[in-house]
Amino acid sequence: MKLELVIVDDSHLWLSLAEKLATTHPLVGKITTFDDSYDAWVHIQINKPQFVISDIEMPGMNGLSFLEMFSDRLPFISTSTKQEFEVVAKELGCIDFVAKPFTKSDIHNAIDEVYSHMFGEKVSNYK
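Criteria and cut-off values
- Residues numbered from 1 in each chain as written.
- Predicted model: local features only at pLDDT ≥ 70, side-chain atom pairs only at ≥ 80, totals over all residues.
- Heavy atoms only, no water.
- Axes fitted to C-alpha atoms, helices over the stretch in contact; angles between N-to-C directions.
- Helix = DSSP H or I, 4+ residues; strand = E, 2+ residues; numbered from the N terminus.
- Parallel < 35°, antiparallel > 145°, perpendicular 65-115°, else oblique.
- Left-handed = near helix turned anticlockwise from the far one by under 90°.
- Contact = heavy atoms within 4.5 Å.
- Nonpolar A, V, L, I, M, F, W, Y, C, P; charged D, E, K, R; others polar.
- Salt bridge = Lys/Arg side-chain N within 4 Å of Asp/Glu carboxyl O.
- Buried < 20%, exposed > 50% of the residue type's maximum accessible area, 1.4 Å probe, protein only.
- Phe/Tyr/Trp six-rings, centres within 6.5 Å; stacked < 30°, edge-to-face > 60°.

Visitor: If you had to explain the packing of helix α2 (residues 37–47) against helix α3 (residues 63–70) to someone new, which residues and values would you point to?
Guide: Any two packed helices are characterised by the angle at which their axes cross and by the distance between the axes. For the pair α2 and α3, the least separation of the axes is 11 Å and the interaxial angle reads 15°. Taken together, the axes of α2 and α3 are roughly parallel relative to one another. Here α2 runs over α3; the crossing is right-handed. On the side of α2, the interface is formed by Ser37, Ala40, Trp41, Ile44 and Gln45, while α3 contributes Phe66, Met69 and Phe70. Counted by class, the contact of α2 with α3 contains six nonpolar, two polar and no charged residues.

Structure representation (structure tokens):
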């Protein structure tokens, strides 16, 4: 089963890198990216993706606001250059926190965590 993912980050560099790395994960299917948090907010409500990777520090609606609104409905992976956001993000319901700069392994492990959270099974059984 391929998962539908939304990635939100106001930095084109991090957005592009996260998309490129997530694309290589065998359980990720469709990826939709947004550099504007308000556009992502609308898309998430209408299209109901299976999970989200969101930067925390964004203008307008930040990643913590996203968590407050959506973490009870869909799994989140939060990202930031500031490690101190990890505790708050997890308290608000993110499944995993990935510090920037991140690697392919960081993104893949976080996606594995989301999959395990969603289906209650280890990913290694499906790769």
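Visitor: Provide a residue-level description of the pattern of salt bridges, including the pertinent values.
Guide: Under the definition given, this model contains four salt bridges. Note that Asp9 is salt-bridged to Lys100, the shortest N-O span being 2.7 Å. With Asp9 in the loop between β1 (3–8) and α1 (12–23) and Lys100 in the loop between β5 (96–99) and α5 (104–119), the pair connects residues that are 91 residues apart, well separated along the chain. Judged by relative accessible area, which is 9%, Lys100 ranks as buried. In this structure, Lys90 and Glu86 form a salt bridge, with 3.2 Å as the shortest nitrogen-oxygen distance. Of this pair, Lys90 and Glu86 both sit in helix α4 (residues 85–91), four residues apart, roughly one helical turn.

Visitor: Outline the packing of aromatic side chains, listing residues and values.
Guide: Taken as a whole and judged by the stated rule, the model has four aromatic pairs. An angle of 80° between the planes, with centres 6.5 Å apart, marks the rings of Phe66 and Phe76 as edge-to-face. Note that Phe66 is positioned in helix α3 and Phe76 in strand β4 (residues 76–80), a separation of 10 residues in sequence. Under the relative-accessibility criterion, Phe66 is labelled buried at 0%. Owing to a relative accessible area of 0%, Phe76 belongs among the buried residues under this scheme. Centroid distance Tyr115 to Phe119: 4.7 Å. Interplanar angle 45°. Geometry classified as tilted. Remark: Phe119 and Tyr115 occur in helix α5; sequence separation between them is four residues, near one turn of the helix. Overall, Tyr115 belongs to the buried group, its relative accessible area being 6%.

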